[in-house]
Amino acid sequence: MYQPPDAGHWTGRIDSVKDERAFRLHQRIRLLDLSQPFAPAERAAAFIGFACDEGVRRNQGRQGAKEAPAAVKAALARLPWHLPEGAAAYDAGDVVCVDGHLEQSQAELGIAIARLLQHNMAPIVIGGGHETAYGHYLGVREALGTDARLGIINIDAHFDLRPYDDGSTSGTMFRQILDQDDQVSYFCLGIQRLGNTAALFADAETYRCRYMLEDELTAGPIEAAYEQIEKFAADHDAVMLTFCMDAISAAAAPGVSAPSPFGLAPSLARALIRRIVSHPKTISVDLCEVNPLLDEGGKTVALAASFCMEALLHFQRLQPRR
């Protein structure tokens with residue numbers, strides 16, 4: 001299920017071959033084959049794709065998110081390089097879901113993420129449906145050990161706390177995590193009342209989930225969200241961020257499984273990403289639910305690539321040591 005990185009994703013305009021100030025990401029990216037031994041890195045992040053939308057299919061959503069890793073990497077390749085001197089970015093390849101074997105592919109993604117974290121690299125996972133988050137969690141938990149307190153921050157229109165009696169989907173993963181791991185807490189930003197039933201709000205209370213509604217974020221000062229993020233992080237040893245693109249207004253992100261008419265503005269989401277990934281306890285990120293097959297003019301893919309770049313630029317572990 002693991003596929004090494006494809007150099008063909010990383011092409012684009014070349015303004016100079018000598019002046020590094022004119023470089024784009026495709027001129028600085030390094031390829032990393034996780035099936036081979038590699039040395040620990042310093043001040044590095046790695047993109048890894050999860051080419052899967054089996055969870056979306058099971059959840060009766062619109063399929064196509066498995067095409068996102070290749071599309072988003074190609075869009076990332078064209079963006080200018082602004083990382084500080086000494087920071088590095090890798091493409092660590094992709095995990096692909098084969099023949100509907102979702103659980104196996106999630107386990108494989110977990111192995112890949114654990115290896116990256118154990119080699120001091122910050123993973124930026126490009127999904128895939130939001131079932132990506134469960135594989136992401138598996139890798140983080142493996143790297144942290146069983147006793148560490150893990151905080152999961154989810155930027156999303158939906159709680160994704162559905163029952164999984166008939167199997168896991170793209171809407172069950174946080175319930176799965178909370179059921180099996182009493183060292184995890186869950187904080188969701190951007191929840192929409194029209195995107196969740198009253199039963200799901202009740203489940204969120206039962207699981208003691210923290211959340212902020214989309215209209216709270218949109219109407220109130222962003223400092224209120226920053227304060228809640230800081231309080232949440234303070235209660236945990238590490239934080240992972242998962243970001244579902246259906247949290248964004250459908251006008252800006254039409255290419256998703258479940259578009260949101262009243263979603264967040266991209267500028268607000270960008271501010272949240274910057275704040276969360278720059279926190280010293282944030283160790284990894286995933287971005288999910290981009291569907292290139294349903295996109296309009298590539299705008300959702302381009303926005304997703306920009307969000308991934310924002311994560312890369314603001315990870316505290318990539319900044320120069322003072």
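Residues numbered from 1 in each chain as written. Predicted model: local features only at pLDDT ≥ 70, side-chain atom pairs only at ≥ 80, totals over all residues. Heavy atoms only, no water.

### Re the overall build of the protein
Okay, step 1: Helix and strand content of the protein: 11 helices and 10 strands.
Okay, step 2: For the protein, the C-alpha radius of gyration of 18 Å lies close to 20 Å, the compact-globule estimate for 322 residues.
Okay, step 3: The principal-axis extents of the C-alpha atoms in the protein amount to approximately 60 × 45 × 45 Å.
Okay, step 4: Evaluated residue by residue, the protein yields a buried proportion of 57% over its 322 residues.
Okay, step 5: Partitioning the contacts of the protein with sequence separation of at least 6, the portion at a separation of at least 24 is 79%.
Okay, step 6: Of the roughly 13300 Å² of accessible surface on the protein, a fraction of 48% belongs to carbon and sulfur atoms. (Helix = DSSP H or I, 4+ residues; strand = E, 2+ residues; numbered from the N terminus. Rg over C-alpha atoms; globule rule 2.2 N^0.38 Å. Buried < 20%, exposed > 50% of the residue type's maximum accessible area, 1.4 Å probe, protein only. Contact = heavy atoms within 4.5 Å. Areas by Shrake-Rupley, 256 points an atom, 1.4 Å probe, with all protein chains shown as cover.)

### With respect to the pattern of salt bridges
Okay, step 1: In total, this model carries 16 salt bridges according to the counting rule given.
Okay, step 2: Residue Asp-94 pairs with Lys-73 through a salt bridge whose shortest N-O separation is 3.1 Å. With Asp-94 in strand S4 (residues 88–96) and Lys-73 in helix H3 (residues 68–77), this residue pair connects regions lying 21 residues apart in the sequence.
Okay, step 3: What makes Asp-94 buried here is its relative accessible area of 9%. (Salt bridge = Lys/Arg side-chain N within 4 Å of Asp/Glu carboxyl O.)

### Details of the packing of aromatic side chains
Okay, step 1: This structure, assessed with the given rule, holds 8 aromatic pairs.
Okay, step 2: Considering the side-chain rings of Phe-159 and Tyr-211, the 5.2 Å spacing of their centres and the 85 degrees angle between planes classify their relative orientation as edge-to-face. In this pair, Phe-159 is assigned in the loop between strand S6 (150–155) and helix H6 (173–180) and Tyr-211 in strand S8 (residues 210–213), connecting sequence segments 52 residues apart.
Okay, step 3: Assessed through its relative accessible area of 0%, Phe-159 is described here as buried.
Okay, step 4: On the basis of relative accessible area, Tyr-211 is assigned to the partly exposed category, the value being 25%.
Okay, step 5: With a centroid separation of 4.5 Å and 20 degrees between ring planes, the pair formed by Phe-174 and Tyr-186 is classed as stacked. A residue pair is termed long-range when its members are at least 10 positions apart, and Phe-174 in helix H6 and Tyr-186 in strand S7 (residues 184–191) qualify at 12 residues. (Phe/Tyr/Trp six-rings, centres within 6.5 Å; stacked < 30°, edge-to-face > 60°.)

### Topic: the side chain of Asp-295
Okay, step 1: By the element assignment, Asp-295 lies in the loop between strand S10 (282–288) and helix H11 (299–314).
Okay, step 2: At 7.0 Å, Lys-299 is the nearest oppositely charged side chain to Asp-295, a buried residue that forms no salt bridge.
Okay, step 3: Excluding anything up to four places from it in sequence, Asp-295 contacts Pro-254, Gly-255, Thr-300 and Val-301. (Lys, Arg positive; Asp, Glu negative; His and termini not counted.)

### Some remarks on empty space enclosed by the protein
Okay, step 1: One pass over the full model with this rule turns up 1 cavity of 30 Å³ or more.
Okay, step 2: What the largest cavity holds in volume is close to 50 Å³.
Okay, step 3: For the largest cavity, the full set of lining residues is Ile-124, Leu-241, Phe-243, Ile-273, Val-285, Asp-286, Leu-287, Phe-307, Cys-308 and Ala-311.
Okay, step 4: The residue makeup of the lining of the largest cavity, split by class, is 9 nonpolar, no polar and 1 charged. (1 Å grid on protein atoms, 1.4 Å probe; cavity = no way out; pocket = protein on both sides within 12 Å on 5 of 7 lines; lining within 4 Å. Points joined across faces, edges and corners; volume = space filled by probe spheres on them. Nonpolar A, V, L, I, M, F, W, Y, C, P; charged D, E, K, R; others polar.)

### Section: the side chain of Ser-284
Okay, step 1: Along the chain, Ser-284 turns up in strand S10.
Okay, step 2: A polar side-chain atom of Ser-284 sits 2.7 Å from a polar atom in the side chain of His-136.
Okay, step 3: Aside from chain neighbours lying at most four places away, what touches Ser-284 is Pro-123, His-136, Val-140, Val-239, Met-240, Leu-241 and Phe-315. (Polar contact = N/O pair within 3.5 Å; in protein donor to acceptor, adjacent residues only side chain to side chain.)

### Some words on the packing of H3 against H11
Okay, step 1: Between H3 and H11, the least distance of the axes is 8 Å, while the angle of their chain directions is 65 degrees. Classed by the angle they form, the pair H3 and H11 counts as roughly perpendicular. Here H3 and H11 pass one another in a crossing that is right-handed. Side by side, H3 and H11 meet where Ala-71, Val-72, Ala-75 and Leu-76 of the first sit next to Val-301, Ala-304, Ala-305, Cys-308 and Met-309 of the second.
Okay, step 2: Along the lines of polarity and charge, the residues of the contact of H3 with H11 split into 9 nonpolar, no polar and no charged. (Axes fitted to C-alpha atoms, helices over the stretch in contact; angles between N-to-C directions. Parallel < 35°, antiparallel > 145°, perpendicular 65-115°, else oblique. Left-handed = near helix turned anticlockwise from the far one by under 90°.)

### Concerning helix H10 (residues 266–277)
Okay, step 1: Compared with an ideal rise of 1.5 Å per residue, which puts 12 residues at 16 Å, H10 spans 16 Å between its outermost C-alpha atoms and is within 8% of the ideal.
Okay, step 2: Turning to H10, its buried residues are Leu-268, Ala-269, Ala-271, Leu-272, Ile-273, Ile-276 and Val-277. (Expected span 1.5 Å × (residues − 1).)

### A look at the environment of Leu-200
Okay, step 1: Here Leu-200 lies in helix H7 (residues 198–206).
Okay, step 2: Overall, Leu-200 belongs to the buried group, its relative accessible area being 7%.
Okay, step 3: Leaving out residues up to four positions away in the same chain, Leu-200 has contacts with Phe-159, Leu-161 and Arg-162.

The analysis is restricted to geometry; functional conclusions fall outside its scope.
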